[in-house]
Structures are given as C-alpha cells and as structure tokens.
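Residue-level listing of the chains:
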Amino acid sequence: MATILNKQHRGAPAPEATRTVLYLHLSSQPETEALAGLENWRVVRTHSITEACSALNQEPFQVALAHIGELSDEQRGDLERLVENAPPLNWIALIDAGHVKDGATSALIYDYFFDYYTLPLKDKAPYLCATLGHAWGLGKLREQEDELRRYREECQMVGASPAIRLVFSQIRKVAGVDATVLITGGSGTGKELIARAIHQRSHRRKGPFVALNCGALPENLIQAELFGHEKGAFTGAHCRKIGRIEAAGGGTLFLDEIGDLPLSLQVNLLRFLQEETIERLGGHETLYIDARVIAATHRDLEEEVKEGGFREDLYYRLNVLSIEVPDLKEREGDIELLANFFFRKFTEGRHHKVRGFSRRAIAAMNGHDWPGNVRELINRVRKAIVMSDNRLITAVDLGLECGGEQAVPTLEEARNQAERQVIRRSLRKAGNNVSAAAKLLGVSRVTLYRLMEKHRLPGPK
Ligand SMILES: Nc1ncnc2c1ncn2[C@@H]1O[C@H](COP(=O)(O)OP(=O)(O)OP(=O)(O)O)[C@@H](O)[C@H]1O
C-alpha cells in the first residue's frame, strides 16, 4: 500500500504540507536522499506500478517522481502504460547512474517525462526542488484549464474571469448537496445555465430538469402549471394534467423569476418545500415528490420581503445555498471570449464572408455596459454576422457605435469598403463582363476574380 511521509524538523513544528508528489520506487537502490529535502511536500510513496496506479486512482496529483534503476522489458512496458494512461500529471525521472544510457529507458523518458535527474543528486538537490515546483504549478494551471474546458463542453458555459471562476467553484460545491439553491443576478447573466450545470453535476443528473418561468403566466394558470390538476378541476380542465413539480420527480425543478410568484402561491410552494408533498388541483390524493428546487431571480428578494411582496419564510427556505451571478461587464476578459465562442458557434459549418471581429469592435464591446448581459451579446453577434458587409465585424455592425461622422473606420476597413465599391461599379459599367471590368480597373481577369471572391461578389451568370 502507498504510505504517506510528512517530513518533520526535530524540535520544530511540522511545516504545513501544501503540495503532494507521488514517488514511485522502481530501483534496487535505496530510496533517494532527495526525498529528505522535500520540505513542505507531502510524499506519497509507492513501490510498484500497481501501488502507483491505486494511489493515482485515489487522489489527483500534479506531479510524480519515478525512481528508475535497471528495468526489465516487462517493467518498462508497465511503466510506459502507467505514464501514458494515468490522469495528466508531470512525471520527473530519477535515474540511477549507469542506466541513463539505456536506450529504451531514455526513449521512454524523452517521450513522456517532464524532466529527469541522475542519481546521486548531491548538489543538484535544490534544482530538483525547483523543477518539482514548476511541474506542480504547470499541473495546477492545466487542472484549471481542464475545468474551464469541461464547463464549455458539458454545460456550454464560457468564461475564465476570476468572477466566473468563483461561480464555477460554487456550482461544484452546491452540486454535491441536495439543498435548495437561490441564484441571483441580472437578466441574461446565465442563471438558467447555472441551474442546469448544478443539475448535471448532481446525483440527480439522470432525472429530469424541469424549468418554469413564474413571471410568464397569470396567477390562475401558474398554479395548475406547478401543481397539475385533475379532470374537471375547473372549466376547461378536460383531462388530468401533471404539474411541473410532479414532472420534476427524481430530478430538479428550476423556478425562474421566483420573485414574480404571486403571494397566494408562495404558501403552496412553501408547503411543498417543507413537506415534499403536493395535491393536484381538484384532487384529494397527497403525492410525495422528490424534487430538488433551484430558484432564480433578478430582483432583490430581501427588499421584497421588507416591503411585504415576498414571504420571509419562503425566502429563507429557498436561500439555503446561494449563488450570485456577476454582470457581464464585471467579468474581466470574458466578453471577447464569449463573443468569439458565439461567433464560431453561429458560423461553424457555414460559408460566411465574416472572419471575426475588428480590434475596434472588440474595444467597443469591452467598453459597453451590457445591460442585457450575455443574452444581449449573443443577439448583437448573431445580428452582426448576418448584416455585416465587412470581412471583420465592426463596432457599427454590432450597433455599438453609430455610423456617420463619429464612426471612423480602421484603414483596413476603409480599404476594403472602397475596393468593394469600385469593383461593383466597374462590373456594373461593364455590364457584368469580367474581362471588360478588369480592363477598367487596370488589373488582370484572374486578379479581379480573386477580388470578387474575397468580397463575395457574384460573377456573371
Ligand atoms: N457563461 C456563459 N457561456 C455561454 N453562454 C452563456 C453564458 N451565460 C449565459 N449564456 C447564454 O446566455 C443566454 C441567457 O442565459 P440564461 O437564460 O441562462 O440567463 P438568465 O439569467 O436565466 O436570464 P433571465 O434572467 O433573463 O431569465 C442563454 O442563451 C445562455 O445559453
């Protein structure tokens, strides 16, 4: 079994071990003296590939030391499989002198290892410590990047700013428990996306995710929508209808715009949260429903409670865990990231003349206030892709700078516009005859065809 070593100074309290390294001892020589110098490192020692495998399965490592002596072909094959298949981490080899020139081992190190040292270390020990530190730091960076990629791939959530990273870490924490969550934040900040991400990461992920916008329906309809009704419960109730709470059984119920839920229904929802039971409208049967509730609002519910518009007991019941979503303008660096993400999403697989955003457009996006947050950004990008006549989307295309005198185009934009105009004019004048138009422009036919393609101008029929 793997054992854990915490180095302790004699007479001094043990320094807090903040970083962990896996040590795999595959040599007939004794353990390297280097381990004694790894202060502030927690060393998990293993003495075979199997032990290393099980240690790697038990906890995440950023860095591992493999102490390599003479290896049989079988051992080398096992080591290769381990470093190739283990979760991504940086391996550093410590090789007993005399085995460095072993061709197969050096090829393995060259292919898979971050660095290597020959033993005995002697005065190279501080360098090993520094290498371990770098390898660990790089591993941490990779871990963060992996997490951002996972959010992008699994939840379609994009962002790398400190503000959104904090939200990601809160999602991770609340997903692991089954309590009610209240998500607050401006309109279009991604509250529903966050609720879905919590659901996907929770043990309920195989159950349904059912959403209801409490502000979208009149009071009488919302009650039937939430709790369902029996046949004949009211005029027009021609058959039994399952409500959203019931439909969310075994999964998650997302109540958007919870601040809009009428006071008369707040008490019903509170009863469900306390007793986990409902009765369909016009029904007498009490149904037990196991659904986790996530609510969201752009309103200040605490203020609403003070003003009597929202029940205090329901507020506390919903607000067991909370996530505050930052406005887009507070997410440093994310605007460009999101704009490019949506640009790729809307142009992928289609032939579009636009290639991306001009620098001025990016500056304008960064300077904009984004009252509609991510939803507004999506709409502006989508519209600009369709409407733009340029190769690069401009601030004007995004509706972030008015045209006319104020909007000074970049030199490239101006050149492109002028080029396009003059080609169009010459083609018109030449009755769409490319050879004649090329002559008017003083360029070859081939050049004109290339320019027409660049500006997506139709050729002669
Ligand atoms: N971080 C993000 N990455 C990618 N897309 C996002 C992100 N945040 C929000 N979106 C997208 O923005 C749009 C609005 O998000 P969502 O509906 O979750 O916001 P909301 O806060 O619930 O809005 P509202 O309060 O108006 O109901 C959706 O299309 C969503 O996919």
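Scroll up to find the structure this text is about.
For clarity, every value in this text was computed on a predicted model and none was experimentally measured. (Residues numbered from 1 in each chain as written. Predicted model: local features only at pLDDT ≥ 70, side-chain atom pairs only at ≥ 80, totals over all residues.)

## Digging into the overall build of the protein
- Helix and strand counts for the protein stand at 17 helices and 17 strands.
- By sequence separation, contacts in the protein at least 24 residues apart represent 72% of the contacts at least 6 residues apart. (Helix = DSSP H or I, 4+ residues; strand = E, 2+ residues; numbered from the N terminus. Contact = placed C-beta atoms within 7 Å.)

## Quick word on the packing of helix α12 (residues 334-347) against helix α14 (residues 373-387)
- Between α12 and α14, whose axes approach to 10 Å, the crossing angle comes to 45°. One element, α12, and the other, α14, form an angle in the oblique class. Between α12 and α14 the crossing geometry is right-handed. Taking contact as the criterion, the partners of Ile-335, Leu-338, Ala-339, Phe-342, Phe-343, Phe-346 and Thr-347 in α12 are, on α14, Val-374, Leu-377, Ile-378, Val-381, Arg-382 and Ile-385.
- Taken together, the residues that form the contact of α12 with α14 break down as eleven nonpolar, one polar and one charged. (Axes fitted to C-alpha atoms, helices over the stretch in contact; angles between N-to-C directions. Parallel < 35°, antiparallel > 145°, perpendicular 65-115°, else oblique. Left-handed = near helix turned anticlockwise from the far one by under 90°. Nonpolar A, V, L, I, M, F, W, Y, C, P; charged D, E, K, R; others polar.)

## Quick look at helix α13 (residues 359-367)
- Residues Arg-360, Ala-361 and Met-365 constitute the buried set of α13. Projected onto a plane normal to the axis of α13, the buried residues spread over an arc of 140° and lie on a single side. Facing away from the buried side of α13 by over 90 degrees, the exposed positions are Arg-359 and Gly-367.
- Among the structural elements, α12, β16 (356-357) and β17 (392-393) are those in contact with the buried residues of α13. (Buried ≥ 20, exposed ≤ 12 C-beta atoms within 10 Å, placed from the backbone. Arc of directions from axis to C-beta.)

## Here we look at unusual backbone geometry
- For the peptide bond that leads from Leu-119 to Pro-120, omega is 0°, which places it in the cis range.
- Tracing the chain through its elements places Pro-120 in the loop between β6 (115-119) and α4 (125-155).
- Its identity as a non-glycine residue notwithstanding, Asn-373 has a phi of 55°, on the positive side.
- A residue is classified by how many C-beta atoms lie within 10 Å of it, and Asn-373, with 24 of them, is buried.

## A short note on the site of the ligand
- In the vicinity of the ligand, 19 residues are found, and the nearest of them are Val-158, Gly-190, Lys-191, Glu-192 and Val-374.
- A per-class count over the shell around the ligand returns seven nonpolar, eight polar and four charged.
- There are two domains that each give the shell around the ligand at least three residues, and those are domain 2 (162-326) and domain 3 (330-404). (Near = placed C-beta within 6 Å. Domains from an automatic or database assignment.)

## Remarks on the nonpolar core
- Ile-183 and Ile-194 are the most contacted members of the largest nonpolar core, which has 60 residues in total.
- Considering each element in turn, this core owes the most residues, five residues, to helix α5 (residues 162-175).
- The residues touching Ile-194, leaving out its near neighbours within four places in the chain, are Val-167, Ile-171, Ile-183, Ile-323 and Val-325. (Core = buried A, V, L, I, M, F, W, Y, C linked by C-beta atoms within 7 Å.)

## Here's the deal with the sheet that holds strand β7 (residues 181-184)
- With parallel pairing, five strands are arranged side by side in an open sheet as β8-β11-β14-β7-β15. Unpaired on one side and paired on the other, β8 (209-213) and β15 (321-324) mark the two borders of the sheet. Averaged over all pairs of adjacent strands, the angle between their axes in this sheet comes to 20°, without regard to strand direction.
- Of the pairings in the sheet, the one linking β8 to strand β11 (residues 252-256) comprises five bridges and is parallel in character. Residue pairing for β11: Leu-212 is matched across the bridge by Leu-255.
- Taken strand by strand, helix α6 (residues 191-201) contacts β7, β8, β11, β14 (292-297) and β15, and its axis lies near 160° from that of β14. (Pairing = 2+ DSSP bridges.)

## With respect to the packing of α5 against α6
- Interaxial distance between α5 and α6 falls to 8 Å at its minimum, and their mutual angle equals 45°. Judged by the angle between their axes, α5 and α6 are oblique. The handedness of the crossing between α5 and α6 is right-handed. Residues Val-167, Ile-171, Arg-172, Val-174 and Ala-175 of α5 form the contact with α6, whose participating residues are Ile-194, Ala-197, Ile-198 and Arg-201.

## Brief notes about the environment of Lys-173
- The residue Lys-173 is located in helix α5 in this model.
- With 12 C-beta atoms packed within 10 Å, Lys-173 lands in the exposed category.
- Along the primary structure Lys-173 and Ser-202 are separated by 29 residues, whereas in three dimensions their C-alpha atoms are 9.9 Å apart.

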